[in-house]
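Structural characterization, general
These are the residues of each chain, in order.
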Amino acid sequence: MKCIYDLDQWRELRQTDYNSGSLGFVPTMGALHKGHLSLVQSSIKDNDFTVVSIFLNPTQFNNPEDYRTYPRTFEADKALLENEGVDVLLNPNYDQLYSDEYKYNILESELSKQLCSSSRPGHFDGVLTVVMKLLNLVQARYAYFGEKDYQQYLLVKGMAQAFFLNTEIVPCPTVREPDGLAYSSRNRRLSPKDRLKAPLFYSLLKSELDPKRIAVELKTAGFKVDYVEEIGHRRYGAVYAGDVRLIDNVIC
Ligand code: PAF
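Report follows, based on the coordinates. Note that the structure is predicted; figures quoted are calculated from it, not measured.

Regarding the overall build of the chain
Helices and strands together make up the secondary structure of the chain, namely ten helices and nine strands. In terms of overall dimensions, the chain is globule-like: its C-alpha atoms have a radius of gyration of 18 Å, near the 18 Å expected for 252 residues. Projecting the C-alpha coordinates of the chain onto the three principal axes gives extents of approximately 60 × 40 × 30 Å. By residue count, 52% of the 252 residues in the chain fall in the buried class. In the chain, of all internal contacts separated by at least 6 residues, the share reaching a separation of at least 24 is 71%. The positive charge centre, built from 30 side chains, and the negative charge centre, built from 33, are 5 Å apart in the chain.

Thoughts on the packing of helix α6 (residues 123-138) against helix α7 (residues 150-162)
Packing of α6 against α7 leaves a shortest axis separation of 10 Å and a crossing angle of 50°. By the criterion of interaxial angle, the relationship of α6 to α7 is oblique. Handedness of the α6/α7 crossing: right-handed. Taken together, the residues of α7 that come into contact with α6 (itself represented by F124, V127, L128, V131, M132 and L135) are Q151, Q152, L155, V156 and M159. Per-class residue counts for the contact of α6 with α7 are nine nonpolar, two polar and no charged.

Some points on the site of the ligand
Around the ligand, a shell composed of P27, T28, M29, N57, Q60, V130, V131, F145 and Q152 is seen. Q60 has a polar side-chain atom sitting 2.7 Å from an oxygen atom of the ligand. A distance of 2.7 Å separates an oxygen atom of the ligand from a polar side-chain atom of Q152. Calculation on the ligand without its partners gives an accessible area of 290 Å², and the protein chains cover 89% of this total. Elements represented by at least two residues in the shell around the ligand include exactly β2 (23-28) and α6. Its residues placed into classes, the shell around the ligand shows five nonpolar, four polar and no charged.

Focus on the pairing of strand β9 (residues 244-251)
A large share of β9 lies buried, amounting to seven of its eight residues. Of the pairings in the sheet, the one linking strand β8 (residues 234-241) to β9 comprises eight bridges and is antiparallel in character. In the sheet register, G237 faces β9, and the bridge partner there is D248.

What counts and what doesn't
- Residues numbered from 1 in each chain as written.
- Predicted model: local features only at pLDDT ≥ 70, side-chain atom pairs only at ≥ 80, totals over all residues.
- Heavy atoms only, no water.
- Helix = DSSP H or I, 4+ residues; strand = E, 2+ residues; numbered from the N terminus.
- Rg over C-alpha atoms; globule rule 2.2 N^0.38 Å.
- Buried < 20%, exposed > 50% of the residue type's maximum accessible area, 1.4 Å probe, protein only.
- Contact = heavy atoms within 4.5 Å.
- Lys, Arg positive; Asp, Glu negative; His and termini not counted.
- Charge placed at Lys NZ, Arg CZ, Asp CG, Glu CD.
- Axes fitted to C-alpha atoms, helices over the stretch in contact; angles between N-to-C directions.
- Parallel < 35°, antiparallel > 145°, perpendicular 65-115°, else oblique.
- Left-handed = near helix turned anticlockwise from the far one by under 90°.
- Nonpolar A, V, L, I, M, F, W, Y, C, P; charged D, E, K, R; others polar.
- Near = heavy atom within 4 Å.
- Polar contact = N/O pair within 3.5 Å; in protein donor to acceptor, adjacent residues only side chain to side chain.
- Areas by Shrake-Rupley, 256 points an atom, 1.4 Å probe, with all protein chains shown as cover.
- Pairing = 2+ DSSP bridges.

The following block contains the structure:
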């Protein structure tokens, strides 16, 4: 696996070593888990080359404490990616990606204002902006996004269509622990007690109860509820277990 820190070097390699054959891309913020690895495996299956990026994107964190405490496990991540057979790990720094100091950004005016946006203002502006930069840099045939972050997937897909990007956005199913909890980088910050009650979030979300009732049950179980809402045929939820934010969604 080539580990590339310099974007100029990557742009040159993209035109030479990775110019023929199909290229798959998995953008991540590191702290990799089985959910990320399933995206990587899909990319490796579908493509001649797979590029993974690790960049902990500060512009999508509205809460500095969340950014500060976000797990950073670079060496372990690198070993996992090497083991999967990834071709390139891109690991740019902030100055390279944001030479404009975030003066230019991508705004979406409808879906990004719902669900997660009320407690995380500006979050999706940061996500869409960094994903646009990465998609332009990597120029992949396919880019893989997990359905756990379904709102993010829809927004990225909409952006790729709106801006005529050449990359197809591929959704991949949520990967869960045996007890139902969706894999997330933040899970490792759960206290043992909160980890034990966390699967209840998914089991209530997929229950027959209506969203209001689910919110009541979650509160009774000790979660702080951000939202439980249905949009289209999907039910979305976000809760806090202690200070750890969990999100999930199910088809309904
Ligand atoms: O889902 C994530 O990990 C991030 O939002 C992404 C897509 C890598 C952008 O920073």
